[in-house]
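Each chain, letter by letter, is given below.
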Amino acid sequence: MSSKTRYYLEQCIPEVNDLVDLGLFTKKEVSLIMKKRTDFEHRLNSRGSSINDYIKYINYENSVESLRKKRVKRVLQNSKKNTISDWSVQQRIAYIYQRGCNKFPNELKFWAMYLKYLKTRGNQTSYKKIQKVYNELLRLHPTNVEVWISCAKYEYEVHANFKSCRLLFQNALRFNPQAFKLWYEYIKFELSFITKLINRRKVMGLLSEREQELDMLKQTSTESSEENGSKNEDATVYIPTAGDVMKDKLNQLPEADMNMLGNDETNPALRGDIALTIFDMCMKTLGDYYINKYKGYYDISDSVTLKELKLETTSTLFEKSMELISLFDNFKDLHRDYLINHVLEYWKNEHENILLKDDLPELNDGIIFLDITLNIRYMQVESLDVDQLQLSVKKYFAYKSKLDESSIKKVKEKYSEFIRDRFITKMSSENNESYHLLETITKKL
């Protein structure tokens, strides 16, 4: 028996003695358990061990723990006192996970199993411990987008630590500026945070700035005490560092916290301007990345080929921006038309050097359709605003005079389908002026 195997088995002695003393297991059963553990330890300490050996060992320990709990309930009932066997098996399982991660650091599925195990234990696992595991994982895999997102969501969704979540996203983008999924999740987080902030103030009736200031002071006091407690426990996410270029860009982002007084009408940040700033950075960063990545495959002196590369990059960015617009649709408590209008203005202003009408007609048609339908995009049948509807129709005819026949046909089809699906199909034709108005509009398009 190797010294390592002997060491790990000796750690089990207090536990098995406790199980026998409590009458939960017999000496024969304990001997069989120790024999099984000896076999597993030999496998783990051998040169030919695999990650499956760790998984089998963990599954066995889980079955032992399950049996122990059943016998505690049946044998000891209400007379059970807290002893070493209450936590020793779970501690051993966590230690086996840690040993497996140390030996096979690239087994990300095993890391995920480890984190899931720690999180499902509830109060039995400290915040500090889970942060430590994430720290180790981020140091080993700083370019793994899923790990960054998982850590950020844990900080925000479980512990409501929006500052740590924001810092994680910013550091993740320093390592992975080309990862659209990170930009998407970062924007989603900022919109979610603003939504919760606004709804909280509505529920608590914090309408005036003075009321918000008092609430802010209360929140700041609570956060300071929590941060001091975290520092005492050394429970901090120590994030690896990257280059200074992305760091400088991300540091330009405005801070979004409880200091944002006012409401969504008086404070642009509460309308989602921070998320829109991230959108602008996303489009710029991804655009530069795509150009630089594929430029090596093209002859730079060939202006025609370089133009094709730019057009392909533009098409890709447009698809990504449409995904973000679909994300905006989910935040019903925000001014979604304001958010979408920013994206629309980006495409109108940032790509004037590219003749979208001639080179990317489908993209150009998409922008036009988005502009035409923006002011009625979230209008419901019950609250049909005729003035806004007429404005939308006027936009259509204004564009129609500038488009070729092919584009007119495509925009007309999409616009007519939009009106029918959004309004007409949900209305009754009997004695309904709005229904007949919409039917007339679709016929005159």
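Residues numbered from 1 in each chain as written. Predicted model: local features only at pLDDT ≥ 70, side-chain atom pairs only at ≥ 80, totals over all residues. Heavy atoms only, no water.

Looking at an unreviewed UniProt entry, one finds the chain named U3 small nucleolar RNA-associated protein 6 N-terminal domain-containing protein, with Zygotorulaspora mrakii as its source organism. UniProt, in its Subcellular location (unreviewed entry) section for the chain, records the words "Nucleus, Nucleolus". Here the chain is described in UniProt, under the heading Sequence similarities (unreviewed entry), as follows: "Belongs to the UTP6 family." (UniProt positions renumbered as here; feature names shortened; annotations may be inferred.)

Undergrad: Mind showing me how you'd approach the state of the cysteines here?
TA: In a disulfide, the sulfur atoms of two cysteines are covalently bonded to one another. Evaluated as defined, the whole model comprises zero disulfides. Just so you know, Cys151 is unpaired, no disulfide at all, and the nearest cysteine sulfur is the one on Cys165, 8.8 Å from it. (Disulfide = S-S within 2.5 Å.)

Undergrad: Looking at this structure, I do not really get the pattern of salt bridges. What am I missing?
TA: If charged atoms from side chains of opposite charge come close, those side chains can pair. The final tally for this structure, using the stated rule, is 18 salt bridges. Of the charged contacts in the structure, one is a salt bridge between Arg37 and Glu15, with a shortest N-O distance of 3.2 Å. Of the two residues, Arg37 sits in helix α3 (residues 27–45) while Glu15 sits in helix α2 (residues 13–21), which places them 22 residues apart along the sequence. In this structure, Arg37 and Glu15 share a single accessibility class: buried. A salt bridge links Asp39 to Lys35; the nearest nitrogen and oxygen atoms lie 3.9 Å apart. Residue Asp39 and its partner Lys35 are located together in helix α3, separated by four residues, close to a single helical turn. The partly exposed category is assigned to Asp39, whose relative accessible area is 33%. The class of Lys35 is exposed, set by a relative accessible area of 52%. Among the charged side chains, a network of salt bridges with common partners joins Glu15, Arg37, Glu61 and Arg92. (Salt bridge = Lys/Arg side-chain N within 4 Å of Asp/Glu carboxyl O. Helix = DSSP H or I, 4+ residues; strand = E, 2+ residues; numbered from the N terminus. Buried < 20%, exposed > 50% of the residue type's maximum accessible area, 1.4 Å probe, protein only.)

Undergrad: Quick question: what am I supposed to make of the nonpolar core here?
TA: Inside soluble globular proteins, nonpolar side chains tend to come together where they are buried. Ranked by internal contacts, the top residues of the largest apolar core, which has 95 residues, are Phe169, Leu182, Ile187, Phe189, Leu191, Phe328 and Trp347. Among the elements that take part in this core, helix α10 (residues 180–204) stands out by supplying 11 residues, more than any other. When residues of this core are assigned to domains, at least three map to each of domain 1 (1–104) and domain 2 (355–444). Counting residues in hydrophobic clusters, the runner-up holds 22 residues, among them Leu389, Val411, Ile419 and Tyr435. (Core = buried A, V, L, I, M, F, W, Y, C linked by side-chain atoms within 4.5 Å. Domains from an automatic or database assignment.)

Undergrad: Help me out: how do you make sense of unusual backbone geometry in this one?
TA: Backbone phi values are negative for most residues with the exception of glycine, while trans is the configuration of most peptide bonds. Of note, the phi angle at Ala160 is positive, near 55 degrees, even though the residue is not glycine. The topology assignment puts Ala160 in the loop between α8 (145–158) and α9 (162–175).

Undergrad: Help me out: how do you make sense of the packing of aromatic side chains in this one?
TA: For any pair of aromatic rings, the description consists of the separation of the ring centres together with the inter-plane angle of the planes. A complete count under the given rule lists 25 aromatic pairs for this structure. Within the aromatic cluster, the residues linked to one another by ring pairs are Tyr54, Tyr97, Phe104, Phe110, Tyr114 and Tyr117. For the cation-ring pair, Arg166 lies above Phe193, with the distance from its terminal atom to the ring centre recorded as 5.7 Å. Geometry around Phe369 places Lys414 over its ring, the cationic atom sitting 4.5 Å from the centre. (Phe/Tyr/Trp six-rings, centres within 6.5 Å; stacked < 30°, edge-to-face > 60°. Lys NZ or Arg CZ within 6 Å of the ring centre and 35° of its normal.)

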